[in-house]
Amino acid sequence: MIKDIDKSDVIGPKSIDSPFLGSIPVERLSGGVKTLILMNNDSEHIFNASACGDNCAKWILKIAEKKDLIIRLGYLMDFGKDEFDIEIVNIGKTVHNSLELAETVLDNHLI
Amino acid sequence: MVGKFDIEIYNNRVHYFLTVKRNITILQGDSASGKTELIRLIGEYEANGNSSGITVKCSQKCTVLTNVDWELRLSSMTQRIIFIDETARFLKARSFAEMVRGSDNYFVIVSRDALVQLPYSIEEIYGIRNVSDSSKYKTYKKVYNEMYKIYNLTDINGALEPDLVITEDSNSGFECYKLIYGKKCEAAGGKGNVYDCIRKSDKNNTLAIVDGAAFGSDVGKIMRYLSVSGKKCVLYAPESFEFLLLKANIIDVPKAVLDETYDYADSKRFMSWEEYYTDYLIQNSQKTVFKYAKTKLNENYKSPKIIEKIKRIMPEQIIMK
């Protein structure tokens, strides 16, 4: 995720090599990547996926392949053209593609 | 505060260029595009000045507002450009919107979520863009730029012959558009209802006319819906209906009022340019035969000659022959 989104390399447990920012501590990873890492490793909390851009969507789906993942999302993220299973917890409905997701969210005025 | 401000922020690694000209500017985009880094640089410069190794060039003071004592700090600020990151919990609070109204500051806000309490323009939603391959030089480009004022039009060859025209406005604006488009015209009755009207429509070609100056919080959802649904709907977003009337030259309007509105629309008095244009039109048409009221369109605006003038300044692709 760090390589894909931040284009950076992990050079040690506390150090990241960023092509744009140089050597940085892990705290300065992008908000999107930090949120993804938390989603992956901390199942105790619900994280705000609005901190993640569209380029994080595929990783959210990937993490959700391993475990049920509950996120908070405040915008219509682009989850791509493939089918998926996303349950919209507010109304208990599962949607399977981007159109269904957009229509369900907007019809129910969820954002 | 009035004015248009160029902001240049850099250190030895990154270099940002940004221009703000309205009280509210929104920054969006992919993760890791540098939004938070921009705000970090401003915060660092604010704390340590030149010794931070950061240079900030702007005629106004740039500052960062965080969760800490935000109300107290904001109430004491004037004539500043205030940057707020998406981690600020107060962005969706009514109390924040109330403090933005009447504020003598400009706000640059990082947020992917729609901020429905703030009337920001579709023109002031920016995504970051690298100017050079090295990614050192970053600037912001409009997500919904001038071309997108008539969004989706590029997908439609030539002129659009709408089967349905949805207008955000249900009063004066609707009366006028009804004279242009006839029975095909339908009032949504507010920006929040535009999506519902598009969604329910089974027409092939739809034109939605909205007030661009305050439609920022809705444009993202509607454009996303149109992109995934493939519905043929064109969004035409002039600043506002009153802007169209002013631009149509029905009453005398100095060119600068429309071209350089940022020098006139004081953020202390007007929360959006839509409010400014409405106020300007009401004040300046008062003693003329074109006395304007938002609730009901003066009969003199309905004459064929005036309607023709309005049609002339609308994009020709959406005007039916």
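Residues numbered from 1 in each chain as written. Chains lettered and ligands numbered in written order. Predicted model: local features only at pLDDT ≥ 70, side-chain atom pairs only at ≥ 80, totals over all residues. Heavy atoms only, no water.

J.: What is the right way to read the domain arrangement of chain B from this model?
T.: Many structure descriptions define interface size as the accessible area lost when the parts assemble. Residues and elements named next belong to chain B. Under the domain assignment used here, chain B contains domain 1 (5–143) and domain 2 (148–318). Placing the centre of domain 1 and that of domain 2 at their C-alpha centroids yields a distance of 29 Å. Contacts between the two partners involve 23 residues from domain 1, matched on the other side by 20 residues from domain 2. Between domain 1 and domain 2, the buried area comes to about 1800 Å², and carbon and sulfur atoms account for 57% of it. Of all residues in domain 1, Arg-22, Pro-119 and Ile-122 give up the largest surface area on contact with domain 2, accounting jointly for 32% of the area buried on that side. Joining domain 1 to domain 2, the criterion identifies two salt bridges. Where Glu-239 meets Arg-22, a salt bridge forms, and the shortest distance between an N and an O atom there is 2.8 Å. The interface formed by domain 1 and domain 2 includes eight residue pairs in polar contact (both at pLDDT 80 or more). (Domains from an automatic or database assignment. Contact = heavy atoms within 4.5 Å. Buried area = accessible area lost by both parts, 1.4 Å probe. Salt bridge = Lys/Arg side-chain N within 4 Å of Asp/Glu carboxyl O. Polar contact = N/O pair within 3.5 Å; in protein donor to acceptor, adjacent residues only side chain to side chain.)

J.: Where do I start with the interface of chain B and chain A in this structure?
T.: Opposite the 23 residues of chain B that make contact, chain A presents 30 residues. Applying the counting criterion to the chain B and chain A interface returns five salt bridges. Between B:Arg199 and A:Glu103 there is a salt bridge whose closest N-O contact spans 3.5 Å. Elements with a contribution of two residues or more to the side of chain B that touches chain A: α1 (35–48), α5 (194–200) and α6 (216–229) of chain B. Considering every element that reaches the side of chain B that touches chain A, the biggest residue donor is α6(B), with five residues. (Helix = DSSP H or I, 4+ residues; strand = E, 2+ residues; numbered from the N terminus.)

J.: Hey, could you run me through the packing of aromatic side chains in this one?
T.: Aromatic rings in a pair are described by how distant their centres are and how their planes are angled relative to each other. All names here are of chain B. Throughout the structure, instances matching the rule amount to 14 aromatic pairs over all chains. Ring centres of Tyr-177 and Phe-241 lie 5.6 Å apart, and the angle between their planes is 65°; on these two criteria the pair is classed as edge-to-face. Of this pair, Tyr-177 sits in helix α4 (residues 172–181) while Phe-241 sits in helix α7 (residues 241–247); the two residues are 64 residues apart in sequence, bridging distant segments of the chain. Both residues of the pair, Tyr-177 and Phe-241, belong to the buried class. (Phe/Tyr/Trp six-rings, centres within 6.5 Å; stacked < 30°, edge-to-face > 60°. Buried < 20%, exposed > 50% of the residue type's maximum accessible area, 1.4 Å probe, protein only.)

J.: Would you mind showing me how to read helix α4 (residues 98–107) of chain A here?
T.: Because each turn of an α-helix spans 3.6 residues, side chains separated by three or four positions end up pointing in the same direction. Of all ten residues in α4(A), seven are buried, a share of seventy percent or more. Among the residues making up α4(A), those that are buried are A:Ser98, A:Leu101, A:Ala102, A:Glu103, A:Thr104, A:Val105 and A:Leu106. Among the structural elements, β6 (86–88) and β7 (93–95) of chain A together with α5 and α6 of chain B are those in contact with the buried residues of α4(A). A side-chain oxygen of the first residue of α4(A) lies 3.2 Å from the backbone nitrogen of A:Leu99; this N-cap is A:Asn97. Downstream of α4(A) by one or two residues, A:His109 has phi in the positive range, about 50°.

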